[in-house]
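# Structure assessment
Listed below are the residues making up each chain.
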Amino acid sequence: MEVQQTQNTAIEKTEEITGSKEPLLWYAMRVTYRRELFVKGKLEAEGMECFCPMCYEVQTVGKRKVRSHVPAVHNLLFVRAGEERLKQFKLRVPYLQYMTRQLDGKNRIITIPDRQMAQFMAVASAENDKLIYLKPEEINLAKGTKVRVIGGAFNNVEGIFVKVKGVRSRRVVLLVEGVTAVALTEVSPDLLEVLK
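The structure presented is a predicted model; accordingly, all values stated were derived computationally and were not measured.

Conventions we followed
Residues numbered from 1 in each chain as written. Predicted model: local features only at pLDDT ≥ 70, side-chain atom pairs only at ≥ 80, totals over all residues. Heavy atoms only, no water. Helix = DSSP H or I, 4+ residues; strand = E, 2+ residues; numbered from the N terminus. Buried < 20%, exposed > 50% of the residue type's maximum accessible area, 1.4 Å probe, protein only. Contact = heavy atoms within 4.5 Å. Areas by Shrake-Rupley, 256 points an atom, 1.4 Å probe, with all protein chains shown as cover. Core = buried A, V, L, I, M, F, W, Y, C linked by side-chain atoms within 4.5 Å. Polar contact = N/O pair within 3.5 Å; in protein donor to acceptor, adjacent residues only side chain to side chain. Arc of directions from axis to C-beta. Pairing = 2+ DSSP bridges. Axes fitted to C-alpha atoms, helices over the stretch in contact; angles between N-to-C directions. Disulfide = S-S within 2.5 Å. Phe/Tyr/Trp six-rings, centres within 6.5 Å; stacked < 30°, edge-to-face > 60°. Lys NZ or Arg CZ within 6 Å of the ring centre and 35° of its normal.

Our next topic: the overall build of the protein chain. Summing up its helical and strand segments, the protein chain has four helices and 15 strands in all. Scored against the burial criterion, the 196 residues of the protein chain give a buried share of 41%. A sequence separation of at least 24 residues applies to 65% of the contacts in the protein chain between residues at least 6 apart. As presented, the protein chain carries roughly 11700 Å² of accessible surface, and 51% of it is formed by carbon and sulfur atoms.

Turning to the nonpolar core, a few remarks are in order. In terms of nonpolar packing, the biggest core is built from 29 residues, with Phe78 and Phe120 touching the most fellow members. Where this core is concerned, the elements lending two or more residues are β1 (25-31), β5 (76-81), α4 (114-124), β11 (145-149) and β13 (170-176). Of the residues forming this core, the biggest block, five residues, is contributed by α4. In terms of nonpolar packing, the next biggest core, distinct from the first, is built from 18 residues, Tyr27, Met29, Met54 and Phe89 among them.

Let's shift gears to the side chain of serine 68. Summarising the element assignment, serine 68 is placed in strand β4 (residues 64-71). Looking at serine 68, its side chain comes within polar contact range of the side chain of glutamine 59, at 3.0 Å. The contacts of serine 68, once residues within four sequence positions are left out, are Cys55, Tyr56, Glu57 and Gln59.

With that settled, consider helix α2 (residues 36-45). Helical geometry note: an α-helix holds 3.6 residues per turn, so side chains three or four residues apart project in the same direction. Listed as buried for α2 are Glu36, Val39 and Leu43. In a view along the axis of α2, the buried residues occupy a sector of 75°, so they form one face of it. On its buried face, α2 sits against β1, β2 (49-51), β4, β5, α3 (83-92) and β6 (96-98). One or two residues past the end of α2 sits glycine 47, with phi positive at roughly 80°.

It is worth spelling out the sheet that holds strand β10 (residues 132-134) at this point. The antiparallel open sheet is built from six strands, whose spatial order is β10-β14-β13-β12-β11-β15. The open sheet terminates on both sides in strands that have one partner only, identified here as β10 and β15 (192-194). This sheet shows a mean twist of 40° between the axes of neighbouring strands, independent of strand direction. Of the pairings in the sheet, the one linking β11 to strand β12 (residues 158-163) comprises four bridges and is antiparallel in character. Its bridge partner being in β12, valine 147 is matched across the sheet by glycine 159.

We now examine the state of the cysteines. Counted under the stated rule, the structure contains zero disulfides. Cysteine 50 forms no disulfide, and the closest cysteine sulfur to it belongs to cysteine 52, at a distance of 8.4 Å. Unpaired in terms of disulfides, cysteine 55 finds its nearest cysteine sulfur in cysteine 52, a separation of 9.4 Å.

All right, on to the packing of aromatic side chains then. Note on aromatic pairs: each is described by the distance of the centres and the angle between the planes. Throughout the structure, instances matching the rule amount to four aromatic pairs. Where phenylalanine 51 meets phenylalanine 120, the ring centres are 6.2 Å apart and the plane angle is 85°; that geometry is what we call edge-to-face. Taken together, the residues span a long stretch of sequence, with phenylalanine 51 in strand β2 and phenylalanine 120 in helix α4 at a distance of 69 residues. Neither phenylalanine 51 nor phenylalanine 120 differs from the other in exposure class; each is buried. An aromatic cluster is defined as three or more aromatic residues linked by ring pairs; in this entry it consists of Phe51, Phe78 and Phe120. The cationic tip of arginine 35 hangs over the ring face of tyrosine 95; the distance from NZ or CZ to the ring centre is 4.1 Å. Taking the ring centre of tyrosine 56 as reference, the NZ or CZ of arginine 67 above it sits at 4.0 Å.

Following this line, the structure appears as C-alpha coordinates:
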(Lines give C-alpha, C1' and ligand atoms only; values in the text may rest on other atoms or scores of the structure.)
Protein backbone atom coordinates (compact mmCIF):
# COMPACT_ATOMS: atom_id res chain seq x y z
CA MET A 1 0.00 0.00 0.00
CA GLU A 2 2.90 2.39 0.79
CA VAL A 3 4.37 1.73 -2.67
CA GLN A 4 1.10 2.77 -4.35
CA GLN A 5 0.84 5.95 -2.25
CA THR A 6 4.44 6.83 -3.13
CA GLN A 7 3.68 6.33 -6.83
CA ASN A 8 0.55 8.52 -6.67
CA THR A 9 2.51 11.29 -4.93
CA ALA A 10 5.23 11.09 -7.59
CA ILE A 11 2.64 11.32 -10.40
CA GLU A 12 1.09 14.43 -8.86
CA LYS A 13 4.55 15.97 -8.25
CA THR A 14 5.60 15.29 -11.87
CA GLU A 15 2.41 16.84 -13.26
CA GLU A 16 2.86 19.91 -11.04
CA ILE A 17 6.45 20.42 -12.20
CA THR A 18 5.91 19.72 -15.91
CA GLY A 19 2.32 20.87 -16.32
CA SER A 20 2.03 17.86 -18.64
CA LYS A 21 -0.61 15.15 -18.74
CA GLU A 22 1.72 12.96 -20.82
CA PRO A 23 1.22 9.31 -19.76
CA LEU A 24 3.87 8.16 -17.31
CA LEU A 25 5.50 4.80 -18.01
CA TRP A 26 8.21 2.82 -16.24
CA TYR A 27 11.26 2.46 -18.50
CA ALA A 28 14.10 0.00 -17.93
CA MET A 29 17.33 1.94 -18.53
CA ARG A 30 21.05 1.13 -18.77
CA VAL A 31 23.46 3.56 -17.15
CA THR A 32 27.04 3.26 -18.36
CA TYR A 33 30.13 3.36 -16.15
CA ARG A 34 28.21 2.51 -12.96
CA ARG A 35 26.73 5.99 -12.63
CA GLU A 36 23.34 4.72 -11.39
CA LEU A 37 23.20 6.88 -8.25
CA PHE A 38 24.54 9.98 -10.01
CA VAL A 39 21.84 9.73 -12.72
CA LYS A 40 19.19 8.89 -10.10
CA GLY A 41 20.03 12.12 -8.29
CA LYS A 42 19.73 14.15 -11.50
CA LEU A 43 16.36 12.55 -12.36
CA GLU A 44 14.99 13.19 -8.88
CA ALA A 45 16.20 16.81 -9.01
CA GLU A 46 14.00 17.23 -12.10
CA GLY A 47 11.00 15.66 -10.36
CA MET A 48 11.10 12.30 -12.16
CA GLU A 49 10.50 9.13 -10.20
CA CYS A 50 13.18 6.49 -10.48
CA PHE A 51 14.19 3.29 -8.74
CA CYS A 52 17.55 1.60 -8.33
CA PRO A 53 17.49 -1.78 -6.53
CA MET A 54 20.02 -1.62 -3.70
CA CYS A 55 21.76 -4.13 -1.44
CA TYR A 56 24.43 -4.18 1.24
CA GLU A 57 27.95 -5.24 0.34
CA VAL A 58 31.04 -5.53 2.51
CA GLN A 59 33.97 -3.60 1.01
CA THR A 60 37.53 -3.20 2.21
CA VAL A 61 38.51 0.43 2.73
CA GLY A 62 42.15 0.66 3.76
CA LYS A 63 42.49 -1.98 6.46
CA ARG A 64 38.85 -1.83 7.55
CA LYS A 65 35.79 -3.66 6.27
CA VAL A 66 32.85 -1.37 5.65
CA ARG A 67 29.25 -2.37 4.91
CA SER A 68 28.05 -0.18 2.03
CA HIS A 69 24.64 0.32 0.43
CA VAL A 70 25.29 -0.21 -3.30
CA PRO A 71 23.26 -0.93 -6.46
CA ALA A 72 22.22 -4.60 -6.52
CA VAL A 73 22.35 -4.77 -10.32
CA HIS A 74 25.03 -2.56 -11.82
CA ASN A 75 24.14 -0.22 -14.67
CA LEU A 76 20.35 -0.70 -14.17
CA LEU A 77 17.87 2.04 -13.36
CA PHE A 78 14.09 2.24 -13.70
CA VAL A 79 12.58 5.61 -14.62
CA ARG A 80 8.93 6.64 -14.54
CA ALA A 81 8.35 9.50 -16.92
CA GLY A 82 6.56 10.68 -20.02
CA GLU A 83 8.21 9.63 -23.27
CA GLU A 84 9.04 13.13 -24.51
CA ARG A 85 10.34 14.33 -21.14
CA LEU A 86 12.64 11.32 -20.87
CA LYS A 87 13.93 11.88 -24.43
CA GLN A 88 14.81 15.48 -23.52
CA PHE A 89 16.61 14.31 -20.37
CA LYS A 90 18.57 11.69 -22.36
CA LEU A 91 19.86 14.41 -24.70
CA ARG A 92 21.60 16.04 -21.73
CA VAL A 93 22.71 12.78 -20.09
CA PRO A 94 24.16 10.62 -22.88
CA TYR A 95 25.15 7.70 -20.64
CA LEU A 96 21.48 6.84 -19.95
CA GLN A 97 20.20 4.39 -22.58
CA TYR A 98 16.91 2.57 -23.15
CA MET A 99 16.91 -1.19 -22.67
CA THR A 100 15.32 -2.97 -25.62
CA ARG A 101 14.20 -6.45 -26.60
CA GLN A 102 13.29 -8.12 -29.88
CA LEU A 103 9.56 -8.20 -30.57
CA ASP A 104 8.00 -8.84 -33.98
CA GLY A 105 11.45 -8.61 -35.57
CA LYS A 106 12.11 -5.12 -34.21
CA ASN A 107 13.94 -3.76 -31.16
CA ARG A 108 11.31 -2.37 -28.77
CA ILE A 109 11.93 -0.15 -25.75
CA ILE A 110 11.19 -2.08 -22.55
CA THR A 111 8.43 -0.60 -20.40
CA ILE A 112 7.11 -2.21 -17.23
CA PRO A 113 3.44 -2.13 -16.13
CA ASP A 114 2.80 -0.12 -12.93
CA ARG A 115 1.49 -3.13 -10.97
CA GLN A 116 4.52 -5.28 -11.81
CA MET A 117 6.90 -2.43 -10.98
CA ALA A 118 5.14 -1.78 -7.65
CA GLN A 119 5.62 -5.44 -6.68
CA PHE A 120 9.25 -5.42 -7.82
CA MET A 121 9.97 -2.25 -5.82
CA ALA A 122 8.25 -3.66 -2.72
CA VAL A 123 10.44 -6.78 -2.89
CA ALA A 124 13.68 -5.05 -3.90
CA SER A 125 13.23 -2.37 -1.20
CA ALA A 126 13.04 -4.96 1.57
CA GLU A 127 16.07 -4.81 3.86
CA ASN A 128 16.94 -8.43 3.19
CA ASP A 129 20.41 -9.82 2.50
CA LYS A 130 18.97 -13.04 1.10
CA LEU A 131 17.42 -11.60 -2.07
CA ILE A 132 19.09 -13.04 -5.17
CA TYR A 133 19.17 -10.98 -8.38
CA LEU A 134 19.30 -12.99 -11.59
CA LYS A 135 19.47 -12.38 -15.31
CA PRO A 136 16.24 -13.59 -16.96
CA GLU A 137 18.16 -16.24 -18.93
CA GLU A 138 19.59 -17.72 -15.71
CA ILE A 139 16.29 -19.26 -14.69
CA ASN A 140 13.75 -21.56 -16.35
CA LEU A 141 10.41 -20.20 -15.21
CA ALA A 142 8.52 -22.69 -17.39
CA LYS A 143 9.31 -25.39 -14.79
CA GLY A 144 7.73 -23.38 -11.96
CA THR A 145 4.27 -22.77 -10.57
CA LYS A 146 2.63 -19.34 -10.54
CA VAL A 147 1.93 -18.36 -6.92
CA ARG A 148 0.88 -15.47 -4.67
CA VAL A 149 2.40 -14.94 -1.23
CA ILE A 150 -0.36 -14.66 1.40
CA GLY A 151 1.13 -13.15 4.53
CA GLY A 152 4.50 -12.16 5.85
CA ALA A 153 6.82 -9.45 4.57
CA PHE A 154 5.99 -10.16 0.90
CA ASN A 155 2.19 -10.33 1.23
CA ASN A 156 0.36 -10.21 -2.17
CA VAL A 157 3.54 -10.54 -4.23
CA GLU A 158 2.98 -12.76 -7.28
CA GLY A 159 5.74 -14.75 -8.87
CA ILE A 160 6.91 -18.17 -9.98
CA PHE A 161 7.79 -20.84 -7.39
CA VAL A 162 10.84 -22.52 -8.91
CA LYS A 163 14.24 -24.05 -8.17
CA VAL A 164 17.04 -21.47 -8.32
CA LYS A 165 20.51 -22.68 -9.29
CA GLY A 166 22.90 -22.74 -6.34
CA VAL A 167 20.13 -22.66 -3.72
CA ARG A 168 18.85 -25.74 -1.88
CA SER A 169 15.15 -24.92 -1.68
CA ARG A 170 12.72 -23.55 -4.22
CA ARG A 171 12.09 -19.81 -4.16
CA VAL A 172 9.44 -17.39 -5.36
CA VAL A 173 10.94 -15.48 -8.29
CA LEU A 174 9.59 -12.14 -9.47
CA LEU A 175 10.51 -11.43 -13.10
CA VAL A 176 10.76 -8.08 -14.85
CA GLU A 177 10.71 -9.55 -18.35
CA GLY A 178 13.82 -8.94 -20.39
CA VAL A 179 15.48 -6.97 -17.58
CA THR A 180 16.06 -8.84 -14.30
CA ALA A 181 14.56 -11.28 -11.83
CA VAL A 182 14.70 -11.36 -8.05
CA ALA A 183 14.37 -14.51 -5.96
CA LEU A 184 12.78 -13.93 -2.57
CA THR A 185 14.07 -15.42 0.64
CA GLU A 186 12.65 -18.78 1.54
CA VAL A 187 8.88 -18.52 1.91
CA SER A 188 6.99 -21.15 3.87
CA PRO A 189 4.73 -23.25 1.58
CA ASP A 190 1.88 -22.43 4.01
CA LEU A 191 2.08 -18.81 2.80
CA LEU A 192 1.76 -19.65 -0.91
CA GLU A 193 -1.46 -19.66 -2.92
CA VAL A 194 -1.27 -21.39 -6.33
CA LEU A 195 -2.64 -19.21 -9.15
CA LYS A 196 -4.31 -20.59 -12.28
